[in-house]
Amino acid sequence: MNKKEPFSDILVVGAGIAGIQASLMLSKAKKNVHLIEKTSYTGGASIKYEEVFSNMECSTCMLAPIQQQLLQDKNITLHTLSTIKGVKGSQGNYIVTIEKKARYVDMVNCIGCNACFDPCPVSVKNEFEEGLNERKAIFVPCAGALPNVPMIDTEHCLRFKNKKCTACQEACMFEAIDYNQKDETFDIKVGAIIVATGFSLFDTQKTPHYGYGTLDDVYTALEFERLYASNGPTEGTIQLKKGDSPKSAAIIHCVGRKEQGYCSSVCCLYSLKFTHYLTSKLPDIKIYNLYSDLCIPGKSHQKFYEKMKDAGTTLLRADAIKVEKKGKSMEITYTDENNKKTSITVDMVILAPALLPHPDTMGLAKTLDIAVDDHEFFKENDTTSSCVSSSKPGIYIVGCAQGPKNIQDSVTQASAAVGKILSSS
Amino acid sequence: MKIGVYICECGPNIAEKVDIDEVIKAVKPLDNVAVVERFKLLCSQDGKQFLADQIKKHELTHLVVAACSPREHQQTFMDVCEQEGLNPYLFQLANIREQCAWITDDKKEATKKAIRLTKAAVARVQYHTPLEKQQIESNPDVLVIGGGIAGIQASLQLAGPERTIHLVEKTSSLGGLSQYYEKTFPDMKPCASFIKGLIETVKNNPHINVYTNTEIEEILGFFGNFEITVKQTTTPEATAAFEVGAVVVATGATPFNPEHISKYGYQKIENVITALDFEQMNLSGKITLKNGKPPKSVAIIHCVGREEKGYCSQICCMYSIKFIRYLQKKVPSTKITNFYTDLCIPGKSQQHFYEQSLGNHVDFIRMSDLQITKQSDKIQITYSNEKDASKKLSVDMVILSPVLEPTQGLSSIIESTRISQGEKGFLTEEHEKIAPVSTSTEGVFIAGCSHGPKSIEETMSQAEAVTGHILTSLIPGQKIEPEVKVSHISESFCIGCKTCLNVCCYGAITFDDLKKVSVVNEVICRGCGNCVAACPSGAITLKHFTHNQVYHEVKEAVQ
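Residues numbered from 1 in each chain as written. Chains lettered and ligands numbered in written order. Predicted model: local features only at pLDDT ≥ 70, side-chain atom pairs only at ≥ 80, totals over all residues.

### Overview of the overall build of chain A
For clarity, the threshold we go by: Numbering of helices and strands runs from the N terminus, with a helix taken as a DSSP run of H or I at least four residues long and a strand as a DSSP run of E at least two residues long. For this measure, only C-alpha atoms enter the radius of gyration; the expected value for a globule follows 2.2 Å times N^0.38, where N is the number of residues. Two residues qualify as being in contact provided that their C-beta atoms, derived from the backbone, are within 7 Å of each other.
When helices and strands are counted, chain A shows 9 helices and 24 strands. Taken against the 2.2 N^0.38 rule, which gives 22 Å for 425 residues, the C-alpha radius of gyration of chain A at 23 Å falls within 12% of a compact globule. Once the C-alpha set of chain A is aligned to its principal axes, its extents read approximately 75 × 60 × 35 Å. In chain A, 67% of the contacts between residues at least 6 apart in sequence involve partners at least 24 apart.

### Considerations on the domain arrangement of chain B
Convention followed: Source of the domain bounds: an automatic or database domain assignment.
Looking at chain B, the domain boundaries give domain 1 (3-131), domain 2 (142-252 + 407-473), domain 3 (258-402) and domain 4 (487-543). Taken over C-alpha atoms, the centre of domain 1 of chain B sits 50 Å from the centre of domain 2 of chain B.

### With respect to the pairing of strand 5 (residues 142-145) of chain B
All names here are of chain B. Put simply, the test is: Around each residue's C-beta, the other C-beta atoms within 10 Å are counted; 20 or more make the residue buried, 12 or fewer make it exposed, and counts in between make it partly exposed. All C-beta atoms are placed from the backbone. Any two strands between which DSSP finds at least two bridges are classified as paired. Seen with its strands pointing away from the viewer, a crossover is right-handed if its path from the first strand over the helix to the second goes clockwise.
Burial along strand 5 is two-sided: the face carrying Val 142 and Val 144 and the face carrying Leu 143 and Ile 145 are both buried. Note that strand 5 and strand 6 (residues 165-168) share 4 bridges and pair parallel. What sits directly across from Val 142, in strand 6, is Ile 165. Crossover handedness for the path strand 5 to helix 7 (residues 149-158) to strand 6: right-handed. Judged from the 4 bridges that link them, strand 5 and strand 13 (residues 246-249) form a sheet pairing that is parallel. Bridging from a neighbouring strand, Ile 145 pairs with Val 249 of strand 13.

### A word on the pairing of strand 22 (residues 397-402) of chain B
Residues and elements named next belong to chain B. Of all 6 residues making up strand 22, 6 are buried, and the element is well covered by its neighbours. Along strand 22, one buried face is formed by Met 397, Ile 399 and Ser 401 and the opposite face, lined by Val 398, Leu 400 and Pro 402, is buried too. Pairing between strand 16 (residues 297-304) and strand 22: 5 bridges, direction parallel. Its bridge partner lying in strand 22, Ile 300 is registered against Ile 399.

### A look at the interface of chain A and chain B
Opposite the 53 residues of chain A that make contact, chain B presents 53 residues. If you list the elements that add at least two residues to the side of chain A that touches chain B, you get helix 1 (17-28), helix 2 (59-72), helix 7 (301-312) and helix 9 (407-424) of chain A. Residue contributions to the side of chain A that touches chain B peak at 13 residues, all from helix 9 of chain A.

### Concerning the nonpolar core
The test is simple: Joining buried Ala, Val, Leu, Ile, Met, Phe, Trp, Tyr and Cys residues through C-beta atoms within 7 Å gives a set, and that set is a nonpolar core.
The biggest cluster of nonpolar side chains holds 226 residues, and the ones touching the most others in it are Ala 22, Ile 194, Val 195, Leu 351 and Val 398 of chain A together with Val 248 of chain B. For this core, the element with the most residues is helix 11 (residues 316-330) of chain B, which contributes 9 residues. Dropping the residues within four chain positions of it, Ala 22 of chain A is found in contact with Val 12, Ile 194, Ala 196, Val 398, Ala 414, Ala 417 and Val 418 of chain A. By size, the runner-up hydrophobic cluster in this structure holds 72 residues, among which are Ile 138 of chain A together with Ile 20, Cys 100 and Ala 110 of chain B.

### Focus: helix 8 (residues 192-204) of chain B
Residues and elements named next belong to chain B. Basically, it comes down to this: Each residue after the first adds 1.5 Å to the expected span of a helix. Each C-beta atom gives one direction from the helix axis, and the arc is the one those directions make.
The first and last C-alpha atoms of helix 8 sit 19 Å apart over 13 residues, in line with the 18 Å expected at 1.5 Å per residue. Taken together, the buried positions of helix 8 are occupied by Phe 194, Ile 195 and Val 202. One face of helix 8 carries all of its buried residues, which in axial projection span an arc of 95 degrees. Exposed and facing more than 90 degrees away from the buried side of helix 8 are Ser 193, Gly 197, Glu 200, Lys 203 and Asn 204. Contacts made by the buried residues of helix 8 are with helix 7, strand 6, strand 8 (189-190) and strand 9 (208-211).

### Details of the domain arrangement of chain A
Residue and element names in this part refer to chain A. The domains assigned to chain A are domain 1 (10-101 + 183-198 + 358-424) and domain 2 (202-354). Taken over C-alpha atoms, the centre of domain 1 sits 31 Å from the centre of domain 2. With 11 residues of domain 1 at the contact, the number on the domain 2 side is 18 residues.

### Observations concerning the environment of Cys 267 of chain A
All names here are of chain A. Relative to the helices and strands, Cys 267 resides in helix 6 (residues 267-281). Put simply, Cys 267 and Met 62 are 205 residues apart on the chain and 21 Å apart in space, counted from C-alpha to C-alpha. Setting aside chain neighbours within four positions, we find Cys 267 in contact with His 253, Cys 254 and Ala 352.

### Here we look at the sheet that holds strand 17 (residues 335-340) of chain B
All names here are of chain B. Formally: Every axis corresponds to a line fitted to the C-alpha atoms, with the helix fit spanning only the stretch in contact, and the corresponding angles, defined between N-to-C directions, vary from 0 to 180 degrees.
Spatially, the 5 strands line up as an open sheet ordered 15-22-16-17-18, and their pairing is parallel. Looking at the sheet topology across the chains shown, the edges are occupied by strand 15 (272-274) and strand 18 (362-366). Adjacent strand axes in the sheet meet at a mean angle of 20 degrees when their direction is disregarded. Pairing between strand 16 and strand 17: 5 bridges, direction parallel. If you follow Ala 299 over to strand 17, its bridge partner there is Thr 337. Against the sheet, helix 11 contacts strand 16, strand 17, strand 18 and strand 22, and its axis sits at roughly 170 degrees relative to strand 16.

### Structural notes on the sheet that holds strand 3 (residues 62-67) of chain B
Residue and element names in this part refer to chain B. The strand order across the open sheet built from 4 strands is 2-1-3-4, with neighbouring strands paired in parallel fashion. A strand with exactly one partner marks an edge of an open sheet, and here the two such strands are strand 2 (33-39) and strand 4 (91-95). For this sheet, the mean angle separating the axes of adjacent strands, direction not counted, is 15 degrees. Strand direction decides the pairing type here: strand 1 (residues 3-8) and strand 2, joined by 6 bridges, are parallel.

### Side note on helix 9 (residues 275-283) of chain B
All names here are of chain B. Those residues of helix 9 that fall on the buried side of the exposure criterion are Ala 275, Phe 278, Glu 279 and Asn 282. On an axial view of helix 9, the arc spanned by its buried residues comes to 105 degrees, and they lie on one face. Elements that come into contact with the buried residues of helix 9 comprise strand 14 (253-255), strand 15, helix 11 and strand 22. Of the residues flanking the end of helix 9, it is Gly 285, one or two places downstream, whose phi is positive at about 115 degrees.

### A word on the packing of helix 6 (residues 107-125) of chain B against helix 17 (residues 547-558) of chain B
Residue and element names in this part refer to chain B. Formally: Orientation categories follow fixed angle ranges, with anything under 35 degrees roughly parallel, anything over 145 roughly antiparallel, 65 to 115 roughly perpendicular, and all other angles oblique. Helix crossings get a hand from a simple test, with the near helix turned counterclockwise from the far one by less than a right angle marking a left-handed crossing and a clockwise turn marking a right-handed one. In this classification, the charged set is Asp, Glu, Lys and Arg, the nonpolar set is Ala, Val, Leu, Ile, Met, Phe, Trp, Tyr, Cys and Pro, and all remaining amino acids, among them Gly, are polar.
Their axes nearest at 8 Å, the elements helix 6 and helix 17 cross at an angle of 155 degrees. As far as their axial angle goes, helix 17 and helix 6 are roughly antiparallel. The two elements helix 6 and helix 17 meet at a crossing, and its hand is right-handed. Mapping the contact onto sequence places Arg 116, Leu 117, Lys 119, Ala 120, Ala 123 and Arg 124 in helix 6 and Gln 549, His 552, Glu 553, Lys 555, Glu 556 and Ala 557 in helix 17. The residue inventory of the contact of helix 6 with helix 17, partitioned by class, reads 4 nonpolar, 2 polar and 6 charged.

### Quick word on the packing of helix 7 of chain B against helix 8 of chain B
Residues and elements named next belong to chain B. Packing of helix 7 against helix 8 leaves a shortest axis separation of 10 Å and a crossing angle of 45 degrees. Relative to helix 8, the element helix 7 is oriented oblique. Helix 7 and helix 8 meet at a crossing whose hand is left-handed. Between helix 7, through Ile 149, Ile 152, Ser 155 and Leu 156, and helix 8, the contact on the second element is made entirely by Ile 195, Leu 198, Ile 199, Thr 201 and Val 202. For the contact of helix 7 with helix 8, the residue count by class is 7 nonpolar, 2 polar and no charged.

### Focus on the environment of Met 318 of chain B
Residue and element names in this part refer to chain B. By the element assignment, Met 318 lies in helix 11. Put simply, Met 318 and Ala 240 are 78 residues apart on the chain and 41 Å apart in space, counted from C-alpha to C-alpha. Beyond its immediate stretch of four places on either side in the chain, Met 318 contacts Phe 185, Ile 345 and Gln 350.

### What to know about unusual backbone geometry
Residue Ser 54 of chain A is reached from Phe 53 of chain A by a cis peptide bond, and omega for that bond is 0 degrees. Its place among the elements puts Ser 54 of chain A in the loop between strand 3 (51-52) and strand 4 (57-58). With phi around 55 degrees, Glu 235 of chain A is a residue other than glycine that occupies positive phi space. With respect to the element layout, Glu 235 of chain A can be found in the loop between helix 4 (221-228) and strand 16 (248-255). Of note in the backbone geometry, Cys 10 of chain B takes a positive phi value of approximately 50 degrees without being a glycine. Tracing the sequence through the fold places Cys 10 of chain B in the loop between strand 1 and helix 1 (12-15).

Below is the structure:
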């Protein structure tokens, strides 16, 4: 019988921290890696955080060196603005069809000077900043994004609406703007696939009793992360919608837990981290954490919790929470641990929503022909093992694509998938 | 010496904000500067070719580029040097974009600073010396310490025709704690029988050497070349020695012993047992009281020892819920009461498992101030709940769910590998977020509960992650390239005070008792510079950050 020679290249889907970790490790073993990323930048969700628990390290300082290393790695081909269109074959011999959207900015010529932004006449809400500020039709999502090369958003760019605008091209000194770039479709041959597509957040509009979308100063966790971020819309100033600083804030845990039917394992810890965010900028602020069960597993997290408690937060075990407007502030009514109805008044409310699978999960599962679980996360083949093998040999699922988890566990799973691939080859 | 200085315009980015002609004027008369030129964009293909041509044309011995941040293009320009046969460490980059052009609109100020930084780079580069990459042979074999599920999984994934695994287990058998678990949560899949199967696979693998009843005597050396001595616990004079390239510490954890906390009554009151006692009882086939009768009521106490140890072990809530399943199956009519503080069931499948375990005979009570006492032939639990103080419940059996503690007796491993232990006694990872299974000692990895309390699933993940690191960094037949910018100790200046030995995080420095001086092992040194700063006699230099290099750079920069 003729045995096919397996392809040695590896495909990694998603350039978040798990995808980056897997790619860098595979490159070290002299594997050629195709890393595809749907957005225009690397770093995934983690680059949105200013600091990470429990050592409060600056997230950019932690990530920028490995992002830079990724971009300079000669064994790794990064395809941004790319998605999988089709897959043929089986373990060892996958042929994957990639669709790569045009960036309209030349990756080689562009030096990332940002001169093209100002002249652009279009302003739209910046999705990366959770809509808290605006960006141009030619943009990078935030300062420090890597690769530091902008993209043109064809949905809003005047030129792609049949108007004659060449403002960005005129501003570019490096002939980097290329309106004639075309979307590309191409095939790659790989022996294995690592899926690291990450998560999305529970839609807080589905729980209207928390006031999100109707009350001004109710934020989601990610919005608050950007509000605190030094490269965010307020450059790190924590302020209310009207511009003044809050005198009190409540962080509501477990938003969407009931609806989703699982504990996302990271919300209690990042909610506690927010205590540090708030007190470091506003030392006199009054902070409440409204929780149901405090979930702070692991060797170092209780110490972190105690530190945050000392920094100044009141922990309230609360049920039946409702947020309503009360004068200039908001009133939160809830049932306390003695089953008594009670209330607090605050200026700012931060919701800690459950982690959900990335919205593309179902589509990708169909394309790759791999199973998902009841919550629509990718389903592991065997829970007594490391959970990184999907239902199909040669396809691995890592990070939050497999289930909600913290950065450490995502990185561990990415390394585990690399272990599996190299051990079987 | 012929130094070439090249100033990048970076399009308008530097050219419009810095008066490059002024920079050229200031740099040109400096000693040893052979040529100063400006170029539109040095990182472009044209720019790199230009630099390459210049190196040849002027026979340059040193190169200075004034351009952007070293993070952007230091490697680009070092690559150009290497291609042209110029040692890449005879190069210096001055950052006049991020640190000058982009931080002010005041062209005069920007130019002034750009001149300083460029002159500083010229001053520094004159003291640069060529540094060469070393290559050392490495041994692909691996020592795995601990024959629990982490050690077994790592061994199985690493072993092969080109890699022998030495699996060392302190006790008489492989399997660790999980060999006592009939099933695992949340899928209630067989565990003990699964592990039995794995142990057989290990024993039948010709590339795995299993050493039971064996302890680590000594670990010497460094990544790629460790020398290991082990000794038998049964006959201590029986030792064995072998060489490996990497070490995996998978020494696991042990359940906290609640004997010394009187409120739990363990070892004093009959039918108060620990989770591990209960697992073993369940595995033996029957759940009974001391008198042989099935319990009519059982209390499961969560978080035993949490307050004392100061952390949540993350698996106790889940295995306590698993006990409900054991009880429901073997003694279906038993009334089960769970006493907990916070229900910690993180992850996508855990809550479903919890909900599926509830039933008519199952209660969950959030408690505080718990006390267990004997009450004739029953056990009385006194507690406060959310509404009342001093509630009471009588049960036939109490199962205590204790936290996990790190395994004791690791000091010889810790000392000889120079890895560190956190305040709770678990082993410390290299980086909490992005390097959770490596340690501060290159080539020494940690997996499973020795790193911190965790589930079987997470333990397997870590074991496989370790194999990922070893398979990518310790490839049979491939040489290892250690760090180039390392410390060097001058034998004649060293006064033998041993200060450097204490500040080195990597154990790279040893003391030569004959010569009475400290010696750096360049293969282990990572160039952090701790020893340089600590040395009272100035005997230590860090290559590429020597006193002269830094002094002359700073002198120009602050003039």
